[in-house]
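# Understanding the architecture of this molecule
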Amino acid sequence: MAKAPRRDYFEIPACAWKRALGDIPAGTASSCPNRGVALGGFGAGSFMYSISGSFGPWSLKAGSYDQLWLDSSAFHFREKVGDKEERIRTLSTDPALKTKWEKLKKGDAQYHALQPKGWVTYGCFDLDVSQKFFSPVIPHNYKETSYPVAVWQFKVSNPTKHRAEATVILTWQHPPFSGTLPRKGFKNTKRQEGGITGIVMKADHPENVPETEGSEWCIAAKSSDGTRIIIGTDWAKEEPDSAAMIAVEMSLEPGGSTTVPIVISWDFPVVKFGDPHKTGTEWWRKYTEYFKRGGSSSFEIAKEALKNYAGWEKQVDDWMAPVINSDKYPEWLKTAAFNELYYTQFGGTFYESGLKSGHDREYMGLHEDDHKFFVMESIGYPYCETFDVRHYCQILTLKFWPEIEKDILRCVADGIVHFDALHQTPHDFGVPTEDPFFKFDTYGTNKLHWKDLHAKFIQQVARYYYVHEDRAFLDYCWPAVKMTYGYMKSQDTDGDCLPNNNGSDNTYDAWGLYGTSLLCGGLWVGALEAMEKLAYVENDDIIKEVIAILDKAKANLDAQLWSEQKQYYRIDTAGKHSDAIMADGLNGQRFCEVMALDDILPRDRMVKYLKKVYEMCVVPLEDYNGDGVGDCGAMNSKNADGTDIDINMAKEIWPGSTYFLAATMYRLGLKEEALKTAYGCYYMVYGHEKSAYWFNTPEAWHNGGHSPRPVKPEQYQRARAVWEFLLEIHDPYRAVS
């Protein structure tokens, strides 16, 4: 049999996640399997280009989420080869999409994703057609990474012996902003400058809310030799100015090839918190620092993209290449690491460039030149930059966007010093329905006196200083470190130099820990290790007290919780399930490892502990590939006899905690166990048809991958901890940071 000729498509990394366009499984645990690569810069608003070739879901408003797909927006492709009749196909399989042309069928194309880039290859045309798309999310870049823009490139090649004509078409409607918030008064206008042609789609109406009034969308393309741009400013004439169209025509000789760029940009310059219809705090989005403020810059953004996209893409490729091209990682881990990055763009993200109204100054008038940032814990749990959860995935901003990381930690320090009278570390920066950055800890952990947040703050500050050696940063945070340390000392009620848990006072709050716990005690020992080093840098006499407490805390943690009979550390000393084992129990060890600090407990015992975690919490779970090891991640806990604890959170599997656990396993020599543990999370998200959690990773699932939490939608912040594991195996960016 003759071998089919190789298609002239864009080059796609082998580790990119691949699925037939339109192959959306039914009856999945995920409430939303029709997802894909997220587009839009940090805090600019974001949407996905989904695996049906449609636009959605959406997160345009900071802190919001809309599970909808546009019904009149799509790419289309026309070809006429030689004397054959022309064909026009809509490049989507979405049954709800309204189009006058024939849609694709499932399998007519292949969708590939490696966030922040995606590709689609089409096998249903005589011409070779492929597209790639991305937004310029670039490490150590705070300008273009904030831009509200998405770039598509269509590659069209003619493998036939006949001259061909082709057209790439984009039809675009005004998308809804968020929920039922009004955006009306549409007016579409042609713009043209320097070979770039676009349509600006503005909303101007007295009933619009501050976030939508004067806002714009723009679709634009750049002409080149052999191409011609056609526009339609009023595509849906039954609803004037509700939709527009841009098309790029080209002619191709036999063997010829052309690449066509098309961009979608938008300009929604204001973020408003509180009631969107009433007076509240308004902020300028970060990208407005580089363009005129006021909602009239969408064409300027599009122009910049069409002039510079090639350079932007090279910077993205240069960042991804050391991982993609390395043989140090399994392919599945590369897939998971990049694709979990979707959340940093799509997680209700906020990134500001100044206060617009609602207060006469930023909180306490402190460092108003910074750029405050958050992602949501999840849309279901609408807390801004939830601090106990971000501990697992701090490495992303620490490594790739350190200025963002610095601003986050300084803001937490402000909350410690000024917001809470006891100087507790706040759980969050607030919620979007109230007043983030002015009202902290909406979840209310300060009232419950959580025991893990304070240690995590000390460790995160120490890790930032360890990596970046920013003395001014440390000097700023040091008072907050000492204050929250002082509070934690007060939580030792029995004189053993360890905090005493009293139920729902840590990140596993629906579970309950009592007395001395491995999780919070280990975090405290790790924080004391870090604080000793920081006190030395600060030349603070508190170092003597810290060392004395550390020595006692470490010895007591080991003595109180190690079970020689069971060969693992027990979960706590006074709970109903004290003899149980906890998968995440050695959380406090991880930051000590990466900062070259001492171990929190004897290493030989920690290795034995992790082996037991693997045997009890990983191996017995549902095994899908037949290798005798569960493919679901690590269950949070098991009773000493291997049975489940009858508490929902104890029976759950947390993908973020699992990846974090895998990193600790790997560092302590359990490399095969670490890879098999982490693989289960990858499989549940990107491989298992019944879960189908791709680009929607939940906080938790149960054995088998079912019953996610939270539901509708599931997407959650913590799974980006996969980068903690990947960079533990090998860190190709070490010299950069």
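Below or above, wherever it landed, is the structure these notes cover. Every value quoted in this text rests on a predicted model; they were computed, and no experiment measured them.

Before going further, it helps to spend a moment on the overall build of the chain. In terms of helices and strands, the chain carries 17 helices and 28 strands. Its C-alpha atoms give the chain a radius of gyration of 27 Å, near enough to 27 Å, the size a compact globule of 737 residues would have. Projecting the C-alpha coordinates of the chain onto the three principal axes gives extents of approximately 85 × 70 × 45 Å. Every one of the 737 residues in the chain was classed for burial, and the buried ones make up 67%. Long-range pairs, those at least 24 residues apart, make up 69% of the contacts in the chain with a sequence separation of at least 6. Approximately 24,900 Å² of the chain is accessible, and the part contributed by carbon and sulfur atoms is 48%. Distance from the positive charge centre (82 side chains) to the negative charge centre (101 side chains) of the chain: 4 Å.

You can see Arg87 is positioned in strand β6 (residues 87-90). For the pair Arg87 and Ser52, spaced 35 residues apart in sequence, the C-alpha separation works out to 20 Å. When residues no more than four places from it in sequence are discounted, the contact partners of Arg87 are Phe77, Arg78, Glu79, Cys124, Phe125 and Asp126. A polar atom in the side chain of Arg87 sits 2.8 Å from the side chain of Glu79. Here the side chain of Arg87 touches Cys124 through a polar contact of 2.8 Å, landing on its backbone oxygen.

Another point: the packing of helix α10 (residues 518-538) against helix α12 (residues 587-594). Running from N to C, α10 and α12 cross one another at 20 degrees; their axes reach a closest spacing of 6 Å. Between α10 and α12, the crossing angle belongs to the class labelled roughly parallel. Note on element contacts: α12 touches α10 through Asn587, Gly588 and Cys592, opposite Leu519, Gly522, Leu523, Gly526 and Glu529.

A few words on the packing of aromatic side chains. Counted under the stated rule, the structure contains 77 aromatic pairs. Positioned above the aromatic ring of Tyr476 is the side chain of Arg410, whose terminal nitrogen or guanidinium carbon lies 5.6 Å from the ring centre. One residue, Arg463, lies across the ring of Phe591, its end atom 4.7 Å from the ring centre.

Right, let's get into the side chain of Thr386. Within the fold, Thr386 resides in the loop between β22 (373-374) and α4 (387-390). A distance of 2.9 Å separates polar atoms of two side chains, one belonging to Thr386 and the other to Glu377. Not counting residues up to four positions away in its chain, the partners in contact with Thr386 are Glu377, His427 and Gln717.

To continue, consider the nonpolar core. Grouped together as the largest cluster of nonpolar side chains are 242 residues, with contacts concentrated most on Phe55, Trp152 and Trp723. What Trp152 contacts, discounting residues up to four positions off in sequence, is Leu39, Phe47, Tyr49, Phe55, Phe75, Gln131, Lys132, Phe133, Val260, Pro261, Ile262 and Ile264.

In this section: the sheet that holds strand β4 (residues 55-59). Here we have three strands laid out as an open sheet, ordered β2-β3-β4, and antiparallel in their pairing. Looking along the sheet, the strands with just one partner apiece sit at the ends: β2 (36-39) and β4. Neighbouring strand axes in the sheet, compared pairwise and without regard to direction, differ in orientation by 25 degrees on average. In the sheet, β2 pairs with strand β3 (residues 46-50) via four bridges, with the strands oriented antiparallel. The partner of Ala38 across the bridge, within β3, is Met48.

Rules behind the numbers
- Residues numbered from 1 in each chain as written.
- Predicted model: local features only at pLDDT ≥ 70, side-chain atom pairs only at ≥ 80, totals over all residues.
- Heavy atoms only, no water.
- Helix = DSSP H or I, 4+ residues; strand = E, 2+ residues; numbered from the N terminus.
- Rg over C-alpha atoms; globule rule 2.2 N^0.38 Å.
- Buried < 20%, exposed > 50% of the residue type's maximum accessible area, 1.4 Å probe, protein only.
- Contact = heavy atoms within 4.5 Å.
- Areas by Shrake-Rupley, 256 points an atom, 1.4 Å probe, with all protein chains shown as cover.
- Lys, Arg positive; Asp, Glu negative; His and termini not counted.
- Charge placed at Lys NZ, Arg CZ, Asp CG, Glu CD.
- Polar contact = N/O pair within 3.5 Å; in protein donor to acceptor, adjacent residues only side chain to side chain.
- Axes fitted to C-alpha atoms, helices over the stretch in contact; angles between N-to-C directions.
- Parallel < 35°, antiparallel > 145°, perpendicular 65-115°, else oblique.
- Phe/Tyr/Trp six-rings, centres within 6.5 Å; stacked < 30°, edge-to-face > 60°.
- Lys NZ or Arg CZ within 6 Å of the ring centre and 35° of its normal.
- Core = buried A, V, L, I, M, F, W, Y, C linked by side-chain atoms within 4.5 Å.
- Pairing = 2+ DSSP bridges.

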